[in-house]
Amino acid sequence: MTVATGAARWVWLAVAFPLVGFLVNGALALKRPEAKTAVSVVGTGVLLAAFAVAATVFVQLRGHPPDAPIIVSLWSWIVSTGMDIQFAFQVDQLSVVMLLVVTGVGSLIHIFSVGYMRADAGYARYFAYLNLFVAFMLVLVLGSNLPVLFIGWEGVGLCSYLLISFWYGDKANADAGKKAFLVNRIGDLGVLIAMFLLWWQVRSLEFVTIAARVPGTLPVDGGIIIAITLFLFLGCVGKSAQIPLYTWLPDAMAGPTPVSALIHAATMVTAGVYLVARNSVLFAMAPTTSMVVAGIGALTALFAASIGLRQYDIKKVLAYSTVSQLGYMFLAVGTGAYVAGVFHLVTHAFFKALLFLGSGSVIHAMHHAYHATHSHEDAQDMRNMGGLRKYMPWTFGLMLIATLAIAGVAPLSGFFSKDEILAAAFGRGETHKIWLLFWGMGLAAALMTAYYMMRLMAMTFLGDNRTGAKEREHLHEAPWIMTGPLVVLGLLSLIGGVINLPAFFPAGPHHVLDGWLEPVVAAASRLMPVAMPHGATEWALIGGAVTIAAVGLVLGWKLTLANPIPTAHDAPEDTGFARVLFRKYYVDEIYDALIVRPLVAFSRVVLWKGVDQGLIDGVGANGSAGLARALGWIGSRLQTGQLGFYVVVFLIGAVWLLRTVAQ
């Protein structure tokens, strides 16, 4: 542990700024909701200030890299016998990467929101929630121990609920918020159990202490370490929307589009990946759990990508794309390629935020056109779009960059991060053959990704326009307050791979992120080394990945535009396997039939009518009240008002008392 000096001492300001923004905008939402200029200045200003703090801390760490994490202790939080948990922040190379991503991408999304949400009556409330989310997310990534991290973990879940159900007047939005909240509680229980097990075994919940003590306390791949890591991973599965707890994320698209970009693409859903990377020593000591992590990640990447092939809502396509890309990240950290997982987390934040914000610009234009003509068509259905390149050239060009990046086209950012993940999986397959299956699943998911993303671009921007003749007159590019952030994200999607260029790339510097994160993951890398392919094998893998991306993009373009696309109103229902994909393999219906409805029925019949109404109300509350009434009635019968009756009762009592004493 290193004593905090310089800018690192003030890292708490990165949390304080958005927290103040929440308080101010919350007050404005209650007292002066019409003060939208003040809300805009406060809402975006606090994020830019937090980003400035993050950049300053990064400059300090880059100039003088610490040998150990810098701990900034704010106060003693939980003090008891043998326990002293500080409310403290940990500043190291990993937390600074997350700090830059959250505040940097968050600032751009806040700026975009000024244009996107300006006309909404809940503008101030929206920015209050968004600022609060960023504050909790920063607590999550900066916490020096699991309890502090858990505050942020629960806080972002709360804010996610508030923002998904932001337009709560619509029942579907309110239900989506509740679904996200409840599904995440399942995973959160796993994190709590893992904390109890860790305290039981190592008597500490500090990340630095855990990493130091566990290797000498617990056996490698023993039952306890497997249990701890599996429970931690359960939390990751819930928060990062992996199989089987992924179903909340597509429904979360009910919230405003900038929310989808910030919370459900760039930041909160990557918290699970961060948790594994932060506790990399634990997972490296549990190869069985790591195999589960990689397997779940590969399966989720493939499964979600297949669903994305047949969705028509532009945000739903991106939602399943997010689930799939998160699967790649877990494939990476489960393989032991922790830097590759964080690398893809960063590049994904760039191009997925761009895709979501770009879709927001499209939806904004479609809503404007339909509102102007009093049409009630779905502004998010890609079958109602087409030909928008003519009306929104900036949005088209920038979303095309993001599409090529996520497809893995060289030399865009996604190519480098995705290639590194697949290469690591293939390399581990040399000694653990099941990883070759995971690599194959990742490759198949890459093909599907390229296909459904080019399908999205073709249905939205290419071909004939299907919006309508009158509506077409009102289509236009988004204002620059919205397009500006897209330009910045487009540039980052284009050149973001520079942070970790591989050795084969002709220009340098190479492996910058590897060197930056080496102090954080070095111990785990020694326990679980990854042999990356080299030479002809490496070039063959690169060639295969590029070919897969090219084939997927061409097929997505050609097959989508091969036949005229009917509007959503005129389109026939999907049949066969296409219907299965459109209905998302009926997973929600299966969960509803096997879990939700039986649980609701059990709650209604047994817990409510049986226990609550029958035992607690019937026997307990009402029964005791009835008993009191009965005793009162008996007592009232003794109050006759006749003196002779009282004398008889007195004598009987006296005789009984004397007899008792005599015995």
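Residues numbered from 1 in each chain as written. Predicted model: local features only at pLDDT ≥ 70, side-chain atom pairs only at ≥ 80, totals over all residues. Heavy atoms only, no water.

## Notes on the overall build of the protein
Selection criterion: Numbering goes from the N terminus for both helices and strands, where a helix is a DSSP run of H or I of at least four residues and a strand is a run of E of at least two. When a residue's accessible area, from a 1.4 Å probe over protein chains only, is under 20% of the maximum for its type it is buried; when over 50% it is exposed; and in between it is partly exposed. Any pair of residues with heavy atoms lying within 4.5 Å of one another is described as a contacting pair.
Helix and strand counts for the protein stand at 25 helices and 3 strands. Projected onto the principal axes, the alpha-carbon positions of the protein cover approximately 115 × 65 × 50 Å. Taking all 663 residues of the protein together, the buried fraction comes to 54%. Sequence separation of 24 or more characterises 79% of the internal contacts of the protein that already satisfy a separation of 6 or more.

## Regarding the pairing of strand β3 (residues 83-91)
Here is the rule: Pairs of strands are assigned from DSSP output, requiring at least two bridges between the strands.
Within β3, 8 of the 9 residues are buried, which leaves the element mostly enclosed by the surrounding structure. By the bridge criterion, 9 bridges tie strand β2 (residues 70-80) to β3 in an arrangement that is antiparallel. Within β3, the residue paired with Ile70 across the bridge is Val91. The hairpin turn running from β2 into β3, its antiparallel successor, is 2 residues long, and Gly82 in that turn takes a positive phi close to 75°.

## Let's talk about the environment of Pro219
Positionally, Pro219 belongs in the loop between α7 (207-217) and α8 (223-239). Put simply, Pro219 and Ala286 are 67 residues apart on the chain and 9.1 Å apart in space, counted from C-alpha to C-alpha. Sequence-distant contacts of Pro219, defined by excluding residues within four places in its chain, comprise Ile225 and Met285.

## Examining the pattern of salt bridges
As a reminder, the rule being used: The salt bridge criterion pairs a side-chain nitrogen of Lys or Arg with a carboxyl oxygen of Asp or Glu, the two atoms within 4 Å.
Applying the stated rule across the entire model yields 13 salt bridges. Between Asp251 and Lys179 there is a salt bridge, with the nearest N and O atoms lying 2.8 Å from each other. Of this pair, Asp251 sits in helix α9 (residues 248-251) while Lys179 sits in helix α6 (residues 171-202), and the two are 72 residues apart along the sequence. Given a relative accessible area of 23%, Asp251 falls into the partly exposed group. The salt bridge partner of Lys179 is Asp588, with a shortest N-O separation of 2.7 Å. Remark: Asp588 occurs in helix α24 (residues 587-638) and Lys179 occurs in helix α6; sequence separation between them is 409 residues. Given a relative accessible area of 24%, Asp588 falls into the partly exposed group. Each of the salt bridges in this network shares a partner with another, and the network as a whole consists of Glu154, Arg185 and Asp188.

## As for unusual backbone geometry
Pro244 follows Ile243 through a cis peptide bond whose omega is 10°. Along the chain, Pro244 falls in the loop between α8 and α9. For the bond from Ala410 to Pro411, the omega torsion is 0°, close enough to zero to count as cis. Inspection of the secondary structure assignment puts Pro411 in the loop between α16 (393-407) and α17 (413-428). One non-glycine residue, Arg203, lies in positive phi territory at about 60°. Within the fold, Arg203 resides in the loop between α6 and α7. Phi is positive for His511, close to 50°, though the residue is something other than glycine.

## What about the packing of aromatic side chains?
Within a pair of aromatic rings, the relevant descriptors are the distance that separates the centres and the angle that separates the planes. Definition in use: When two rings of Phe, Tyr or Trp (its six-membered ring) have centres within 6.5 Å they constitute a pair, described as stacked for plane angles under 30 degrees, edge-to-face for angles over 60, and tilted for the intermediate range.
Throughout the structure, instances matching the rule amount to 23 aromatic pairs. On the numbers, 6.2 Å between centres and 45° between planes, the contact of Trp10 with Trp12 is tilted. Under the relative-accessibility criterion, Trp10 is labelled partly exposed at 42%. Ring geometry for Phe166 against Trp167: centres 5.8 Å apart, planes inclined by 70°, an arrangement best described as edge-to-face.

## Overview of the nonpolar core
Note the cut-off: For this analysis, a nonpolar core means a set of buried residues of the types Ala, Val, Leu, Ile, Met, Phe, Trp, Tyr and Cys, connected via side-chain atoms within 4.5 Å. How far each domain reaches was decided by an automatic or database domain assignment.
Grouped together as the largest cluster of nonpolar side chains are 210 residues, with contacts concentrated most on Val91, Phe133, Leu140 and Trp248. The residues that make up this core include at least three from each of domain 1 (1-144) and domain 2 (145-571). Once residues within four sequence positions are removed from consideration, Trp248 is found in contact with Ser160, Lys179, Ala180, Val183, Asn184, Gly238, Lys239, Ala241, His264, Met268 and Val269.

## Section: empty space enclosed by the protein
How we decide: In this analysis, the protein atoms alone were mapped onto a 1 Å grid. Cavities are point sets where a 1.4 Å probe fits without being able to get out; pockets are open sets with protein on both sides within 12 Å along at least five of seven lines; lining residues have an atom within 4 Å of a point. Grid points are joined across faces, edges and corners, and a volume is the space filled by probe spheres set on the points. Side-chain classes follow a simple rule in which Ala, Val, Leu, Ile, Met, Phe, Trp, Tyr, Cys and Pro form the nonpolar group, Asp, Glu, Lys and Arg form the charged group, and the remainder, Gly included, forms the polar group.
With the rule as written, the count across this model stands at 3 cavities of 30 Å³ or more. In this model, the largest cavity occupies a volume close to 70 Å³. If you trace the largest cavity, you find it lined by Ala407, Gly408, Phe415, Lys418, Asp419, Leu422, Ala446 and Ala545. A per-element tally of the lining of the largest cavity places α17 first, with 4 residues. Looking at the lining of the largest cavity residue by residue, the classes come out as 5 nonpolar, 1 polar and 2 charged.

## Quick word on the side chain of Thr403
Checked against the element boundaries, Thr403 lands in helix α16. In this view, Thr403 contacts Leu355, Met453, Met454, Met457 and Leu553; residues no more than four positions away in its chain are not counted.

## Re the domain arrangement of the protein
It is common to give the size of an interface as the accessible area that goes away when the parts come together. Using the following cut-off: When two components associate, each loses some accessible surface as probed by a 1.4 Å sphere; the sum of these losses over both components is called the buried area. The definition of a polar contact used here is a pair of N or O atoms within 3.5 Å, where within protein one atom must be able to donate a hydrogen and the other to accept one, and adjacent residues in sequence count solely through side-chain atom pairs.
The domain boundaries assigned to the protein delineate domain 1 (1-144), domain 2 (145-571) and domain 3 (572-617). Roughly 1,100 Å² is buried in total at the junction of domain 2 and domain 3, and carbon and sulfur atoms are behind 55% of that figure. Of all residues in domain 2, Thr247, Arg310 and Ala571 give up the largest surface area on contact with domain 3, accounting jointly for 33% of the area buried on that side. Scanning the region where domain 2 abuts domain 3 turns up 2 salt bridges. Across the domain 2-domain 3 interface, the total number found is 7 residue pairs in polar contact (both at pLDDT 80 or more). By residue number, the principal contributor to the side of domain 2 that touches domain 3 is helix α13 (residues 287-308), which donates 3 residues. Residue classes in the side of domain 2 that touches domain 3 are distributed as 9 nonpolar, 3 polar and 3 charged.

## Overview of the packing of helix α2 (residues 36-63) against helix α4 (residues 123-142)
We apply this condition: Under this scheme, a helix contributes an axis fitted over its contacting stretch, all axes are lines through C-alpha atoms, and angles between N-to-C directions fall in the 0 to 180 degree range. By the definition adopted for this analysis, an angle is roughly parallel if under 35 degrees, roughly antiparallel if over 145, roughly perpendicular if from 65 to 115, and oblique otherwise.
At a minimum axis distance of 10 Å, the contact between α2 and α4 shows a crossing angle of 10°. The orientation of α2 relative to α4 falls into the category roughly parallel. Contact with α2, carried on its side by Lys36, Val39, Ser40, Gly43, Thr44, Val46 and Leu47, involves Tyr123, Ala124, Phe127, Asn131 and Val134 of α4 and no other residues of that element.

## Things to note about the layout of surface pockets
Over the atoms rolls a probe the size of a water molecule, and in doing so it shows where empty space is left. What the largest pocket holds in volume is close to 830 Å³. Lining the largest pocket are 25 residues, and of these Phe58, Leu100, Val346, Phe350 and Ile499 lie nearest its centre. Put simply, the parts of the chain that give the lining of the largest pocket at least two residues each are α2, α3 (93-116), α15 (338-372), α20 (480-495) and α21 (512-527). The element that contributes the greatest number of residues to the lining of the largest pocket is α3, accounting for 8 residues. Partitioning the lining of the largest pocket into residue classes produces 21 nonpolar, 3 polar and 1 charged. Two domains each donate at least three residues to the lining of the largest pocket, and these are domain 1 (1-144) and domain 2 (145-571).

## Thoughts on the side chain of Gln90
By the secondary structure assignment, Gln90 is in strand β3. Judged by relative accessible area, Gln90 falls into the buried class, the value being 2%. There is a polar contact of 3.1 Å between the side chain of Gln90 and the side chain of Asp92. Other than its neighbours up to four places away in sequence, Gln90 contacts Pro69, Ile70, Ile71, Ser95, Leu142, Gly143, Ser144, Phe207, Val208 and Arg278.

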